[in-house]
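Residue-level structural notes
Okay, here's what each chain looks like letter by letter:
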Amino acid sequence: MKYTRLTKEQFEELHQEFINFLATQSITANEWEDLKKNKPESAEQELDVFSDLVWFGVLSKVEYLEHISPQHIHLFKCKEKNMHLIALKLKHDQVDLTTTEGFQWLRDNLLSNDIEFFNANKDYSDDKHLDIFKLIQSGANITKGELFQYFEKLIGQ
């Protein structure tokens, strides 16, 4: 398995897609029940293959990621060959950017000396999708990129 197995809730949400997946494998509902009962390792394998397909589809569409922690904001634009990072770092720990108040402080003090900006590009490894997946696993969220685009304009990139 390349990524991670979907949760029970995710499988429930994708119930129809999973049925379609089984149909492409020429597995009927009765055969699926039999597989789960008599060959659980084969059933597990089908769940893993389906999970990887879903993750691949999701990761193929990711354009922006955000990871916000109390003292840092990491904004990623996932381009074809590399990833563009815009990062903000607070120079003190009196503010928590994960709170509404902290984010408001950031808005009010955006151009102060208490904030450092970083800007970088990083090439993907041999597997772009796995690189993106690892960022998600470490806490990044898929976004539409509004925050990235705002800071991109602000720092003139």
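Coordinates for the structure precede this section.
Below is a summary of the structure that appears in this document. (Residues numbered from 1 in each chain as written. Predicted model: local features only at pLDDT ≥ 70, side-chain atom pairs only at ≥ 80, totals over all residues. Heavy atoms only, no water.)

**Things to note about the side chain of Thr 143**
Quick note on the threshold: In this text, helices come from DSSP runs of H or I with a minimum length of four residues, and strands from runs of E with a minimum of two, each type numbered from the N-terminal end. As used in this structure description, the phrase polar contact means that two N or O atoms lie within 3.5 Å; if the pair is within protein, one of them must be able to donate a hydrogen and the other to accept it, and residues adjacent in sequence are counted only when both atoms belong to side chains.
Here Thr 143 shows up in strand β5 (residues 141-143). Polar side-chain contacts of Thr 143 include one of 3.2 Å to the backbone nitrogen of Gly 145.

**Brief notes about the nonpolar core**
If you look at soluble globular proteins, the nonpolar side chains tend to sit buried side by side. Worth spelling out the cut-off: We define the nonpolar core as a collection of buried residues of types Ala, Val, Leu, Ile, Met, Phe, Trp, Tyr and Cys that are connected through side-chain atoms lying within 4.5 Å of one another. Remark: exposure states derive from per-residue accessible area (1.4 Å probe, protein chains only) relative to the maximum for the residue type, with buried under 20%, exposed over 50%, and partly exposed in between. Here a residue-residue contact requires only that any non-hydrogen atoms of the pair lie within 4.5 Å.
Of all hydrophobic cores here, the largest spans 25 residues; its most connected members are Phe 18, Trp 32, Leu 65 and Ile 132. Breaking this core down by element, the ones donating at least two residues are α2 (15-24), α3 (29-38), α4 (40-61), β2 (72-78) and α6 (128-137). Looking at this core element by element, the count peaks at five residues for α4. In contact with Leu 65, other than residues within four places in its own chain, are His 74, Leu 75, Phe 76, Cys 78, Ile 132, Leu 135, Ile 136, Ala 140, Asn 141, Ile 142 and Thr 143. In terms of nonpolar packing, the next biggest core, distinct from the first, is built from 15 residues, Tyr 64, Ile 86, Leu 110 and Leu 147 among them.

**Some words on the layout of surface pockets**
Where we set the bar: Every definition here rests on a 1 Å grid over the protein atoms only: cavities are sets of points where a 1.4 Å probe fits but cannot get out, pockets are open sets enclosed by protein on both sides within 12 Å along at least five of seven lines, and lining residues have some atom within 4 Å of a point. Grid points are joined across faces, edges and corners, and a volume is the space filled by probe spheres set on the points. Gly is put with the polar residues, along with every residue not named as nonpolar or charged; the nonpolar set is Ala, Val, Leu, Ile, Met, Phe, Trp, Tyr, Cys and Pro, and the charged set is Asp, Glu, Lys and Arg.
Considered as a void within the structure, the largest pocket measures approximately 340 Å³ in volume. Lining the largest pocket are 16 residues, with His 15, Phe 18, Leu 22, Trp 32 and Lys 36 positioned closest to its centre. Contributions of two or more residues to the lining of the largest pocket are made by α1 (8-13), α2, α3 and α4. For the lining of the largest pocket, the residue count by class is ten nonpolar, two polar and four charged.

Keep in mind these values describe shape, not function.
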